[in-house]
Amino acid sequence: MSEIPYAPEPHALGARQVDGLAAMVLELAAQLHVERARVRALEHHLRALAPIPDGPLTLPAEAAGPRAELAGDLRRSVAALLAAAAERDDARAPLRHEMRAGGGGN
Amino acid sequence: MSVDSDAAAPETVASPDADAKVAFALALKQQWARELYPALADQARTAAPSGDAADIRAAVHRSPAYPWFAWLERAAQKLMWRAVADLVDARGAADDDGGAAARDGGLDLDPALALPAWYTDVDIHIQPGGIWRTDHAAAVYEQGAKVVMFGDNDDYAFHRLFTDTAVPDGKYRRIVDLGCGFGKSTRPFKRRWPDAEVIGIDLSAPVLRLAHSQAAGSGLDITYRQADAQHTGLAGGCADLVTATMVVHELPPAVLGAVLAEAARLLAPGGLLRVLDFQPTGDPVLDLAIAEHGTRNNEPYLPMLFNTDVLAACAGAGLADARWVAFDERGAGRLPSARWPAREEWHFPWAVLEARKPGGDDE
């Protein structure tokens, strides 16, 4: 059986960069929904516990753990956004480099 | 009718973030199918009122919705795989059966099997690395398959419907399911015919390990065998029923012909072939969208299936009475003819290929 020839990644919006930018917007929207779900859950639980103080809620300086978690969230967020820019220009396997490591296999 | 199902027990939410992202991917695909596609179809039909297929094709490609429709189809699929991989990581689902031996009870793997280039060159469905490199990939595939079906097949109702409506009552001693993947198609057969020996065949060891694990967890005695469906290694005439679900559109035409020949070889006289797959419906907008889905979703042989005379291939393989009939996954299942109900939304054009091996008690 002959191999399937290389073909460039299709660009339905007209150019690689335009398609990539649109993919980043989509990724942002997905991340926004993750935050939306978190906020809804937080509100649900807080409402059962105590009144929420007026004004913006911020992490205090001494909250090192939550701050580190927030920094990690930010790194993962930006990495996921930039994944759209790092796709391979090979329509046969544009995401193959993103395959997660693991055992098993053929 | 079979009554048991693969309905999953409520799952503990291991990662609400990963769940939320998968939910977003699912919502995106649902809106794409239920809102954007009808808008595209309306624009095309308005611009090409004759309904001529060539006119419709040009009108689809000129319509304002088309670039977004085409782009979203592929972009949503990529986003889905990333989200689903995170979900599998969060649940640790890939660790369930990775240690299964090559020859465990009901699992027969062939470490020497050489995978064909047509199978390995393309990441089918755009899944990173395909479904055969790691056990993680098999778990990702299983989760992704639910989103791909728009969340309507989470308990594999489509597969039960195929088993219940496309296969006639009868006594089946051995059922061979070609391209069984992670086994979702094999379990309904075993539940409906518990006395039958059910054998699932696939190229990928990871999906077979997952299938084996899930069948064992459900208390189902099913054999999973790693082999090429063109050359299963099973004895000729050993099966009363040979099936394949959602797999023949992934095969190059020459391979499809060889798989049909192998199916015919496996069938005993009077045995039945039943295949669940896709066929053109006669709706020029949908048929074009499905053919292009093959390209946009890295299923390069799907458009070729639509141009392949499968019935002639069946006849050439020695099968009789071959025909395609429509299948409605929403509840009716197998329909009596190749006429599909009109639908507004984008959907898979399900069809059942039926054929039989001549001979047996009915002749």
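Only a predicted model underlies this, so the values are computations on that prediction, with no experimental measurement involved.

Visitor: Can you explain the overall build of chain B? Please cite residues and give values.
Guide: If you tally the helices and strands in chain B, you get twelve helices and ten strands. By principal-axis analysis of the C-alpha atoms, chain B measures approximately 55 × 55 × 40 Å. A total accessible area of about 13,600 Å² is found for chain B, and carbon and sulfur atoms account for 53% of it. With 34 positive and 51 negative side-chain charges, chain B shows a separation of 2 Å between the mean positions of the two kinds.

Visitor: Let's hear about the overall build of chain A: which residues, and what values?
Guide: Scanning chain A from N- to C-terminus turns up two helices and zero strands. Computed over its C-alpha atoms, the radius of gyration of chain A comes to 21 Å, more than 25% above the 13 Å expected for a compact globule of 106 residues. Principal-axis analysis of the C-alpha atoms gives chain A an extent of 65 × 40 × 25 Å. Across the 106 residues that make up chain A, the buried fraction comes to 24%. Treating the 12 positive side-chain charges of chain A as one cloud and the 14 negative ones as another, the clouds have centres 3 Å apart.

Visitor: Quick one: what's the story with the pairing of strand E4 (residues 197-202) of chain B, residue by residue and with numbers?
Guide: Residues and elements named next belong to chain B. Counting buried residues in E4 gives five out of six residues, a clear majority hidden from the surface. Sheet analysis places strand E3 (residues 174-178) next to E4, joined by five bridges and oriented parallel. Along E4, the bridge assignment pairs Ile 175 with Val 198. You can see the chain leave E3, run along helix H7 (residues 186-192) and come back into E4, and the turn it takes is right-handed. Across five bridges, E4 lies against strand E5 (residues 222-226) in parallel orientation. From the neighbouring strand, Ile 201 faces E5, where its bridge partner is Arg 225. At this point the chain moves from E4, through helix H8 (residues 205-217), to the parallel E5, and the crossover so formed is right-handed.

Visitor: Could you give an account of the interface of chain A and chain B, naming the residues involved and the relevant values?
Guide: Listed per partner, the contact involves 38 residues of chain A and 48 residues of chain B. Taken over both partners, the interface formed by chain A and chain B buries close to 3,400 Å², and the fraction arising from carbon and sulfur atoms is 59%. One can count ten salt bridges joining chain A with chain B. Between Glu9(A) and Arg74(B) there is a salt bridge, with its nearest N and O atoms 2.7 Å apart. Inspection of the chain A/chain B interface yields 23 residue pairs in polar contact (both at pLDDT 80 or more). Among the secondary structure elements, those contributing two or more residues to the side of chain A that touches chain B are helix H1 (16-49) and helix H2 (64-83) of chain A. The element contributing the most residues to the side of chain A that touches chain B is H1(A), with twelve residues. Per-class residue counts for the side of chain A that touches chain B are 21 nonpolar, seven polar and ten charged.

Visitor: Describe the environment of Met246(B), naming the residues involved and giving the relevant values.
Guide: Residues and elements named next belong to chain B. Looking at the element boundaries, Met 246 is found in the loop between strand E6 (239-245) and helix H9 (253-266). As a C-alpha pair, Met 246 and Gly 130 span 116 residues in sequence and 16 Å in three-dimensional space. Leaving out residues up to four positions away in the same chain, Met 246 has contacts with Met 149, His 159, Leu 276, Asp 277 and Trp 350.

Visitor: Please give an account of a nonpolar patch on the surface that cites residues and values.
Guide: Residues and elements named next belong to chain A. Where nonpolar side chains cluster on the molecular surface, the patch consists of Leu 74, Val 78 and Leu 82 and spans about 270 Å² of accessible area. Mapping Leu 82 onto the fold places it in helix H2. A relative accessible area of 48% means that Leu 82 is categorised as partly exposed.

Visitor: Just give me the short version of the confidence of the model for chain B, but keep the residues and values in it.
Guide: Per-residue confidence for chain B averages 92 on the pLDDT scale, and 92% of its residues sit at or above 70. We note a pTM of 0.90 for the whole complex and an ipTM of 0.81 for its interfaces.

Visitor: Explain the pattern of salt bridges residue by residue, including any values.
Guide: Under the counting rule described, the total for this entry stands at 35 salt bridges over all chains. With a shortest N-O distance of 2.6 Å, Lys78(B) and Glu9(A) are connected by a salt bridge. On the criterion of chain membership, the pair formed by Lys78(B) in helix H3 (residues 66-91) and Glu9(A) in the segment before H1 is interchain, its members lying in two chains. Look at Glu9(A) and you get buried, because its relative accessible area is 6%. Taking the shortest distance from any N to any O, the salt bridge between Arg343(B) and Glu345(B) comes out at 2.8 Å. Connected via shared salt-bridge partners are Glu9(A), Glu87(A), Glu98(A), Arg74(B), Lys78(B) and Arg82(B).

Visitor: Can you lay out unusual backbone geometry for me, pointing to particular residues and giving the numbers?
Guide: Residue and element names in this part refer to chain B. At Met 246, a position not held by glycine, the phi torsion is positive, near 55 degrees. The buried category is assigned to Met 246, whose relative accessible area is 16%. Notably, Asp 321 is not glycine yet its phi reads approximately 55 degrees, a positive angle. By relative accessible area, Asp 321 is classed as exposed at 56%.

Visitor: Which residues make up the side chain of Ser185(B), and what values go with them?
Guide: All names here are of chain B. On the secondary structure map, Ser 185 appears in the loop between E3 and H7. For Ser 185, a relative accessible area of 3% gives the class buried. Among the polar contacts listed, one links the side chain of Ser 185 to the side chain of Asp 177, at a separation of 2.5 Å. Apart from residues lying up to four places away in sequence, Ser 185 is in contact with His 159, Asp 177, Cys 180 and Thr 245.

Reading the values: the criteria
- Residues numbered from 1 in each chain as written.
- Chains lettered and ligands numbered in written order.
- Predicted model: local features only at pLDDT ≥ 70, side-chain atom pairs only at ≥ 80, totals over all residues.
- Heavy atoms only, no water.
- Helix = DSSP H or I, 4+ residues; strand = E, 2+ residues; numbered from the N terminus.
- Areas by Shrake-Rupley, 256 points an atom, 1.4 Å probe, with all protein chains shown as cover.
- Lys, Arg positive; Asp, Glu negative; His and termini not counted.
- Charge placed at Lys NZ, Arg CZ, Asp CG, Glu CD.
- Rg over C-alpha atoms; globule rule 2.2 N^0.38 Å.
- Buried < 20%, exposed > 50% of the residue type's maximum accessible area, 1.4 Å probe, protein only.
- Pairing = 2+ DSSP bridges.
- Right-handed = clockwise from strand over helix to strand, strands pointing away.
- Contact = heavy atoms within 4.5 Å.
- Buried area = accessible area lost by both parts, 1.4 Å probe.
- Salt bridge = Lys/Arg side-chain N within 4 Å of Asp/Glu carboxyl O.
- Polar contact = N/O pair within 3.5 Å; in protein donor to acceptor, adjacent residues only side chain to side chain.
- Nonpolar A, V, L, I, M, F, W, Y, C, P; charged D, E, K, R; others polar.
- Patch = residues over 30% accessible without salt bridge, like charges linked within 9 Å, V, L, I, M, F, W, Y side chains within 5 Å.
- pLDDT = per-residue confidence, 0-100.

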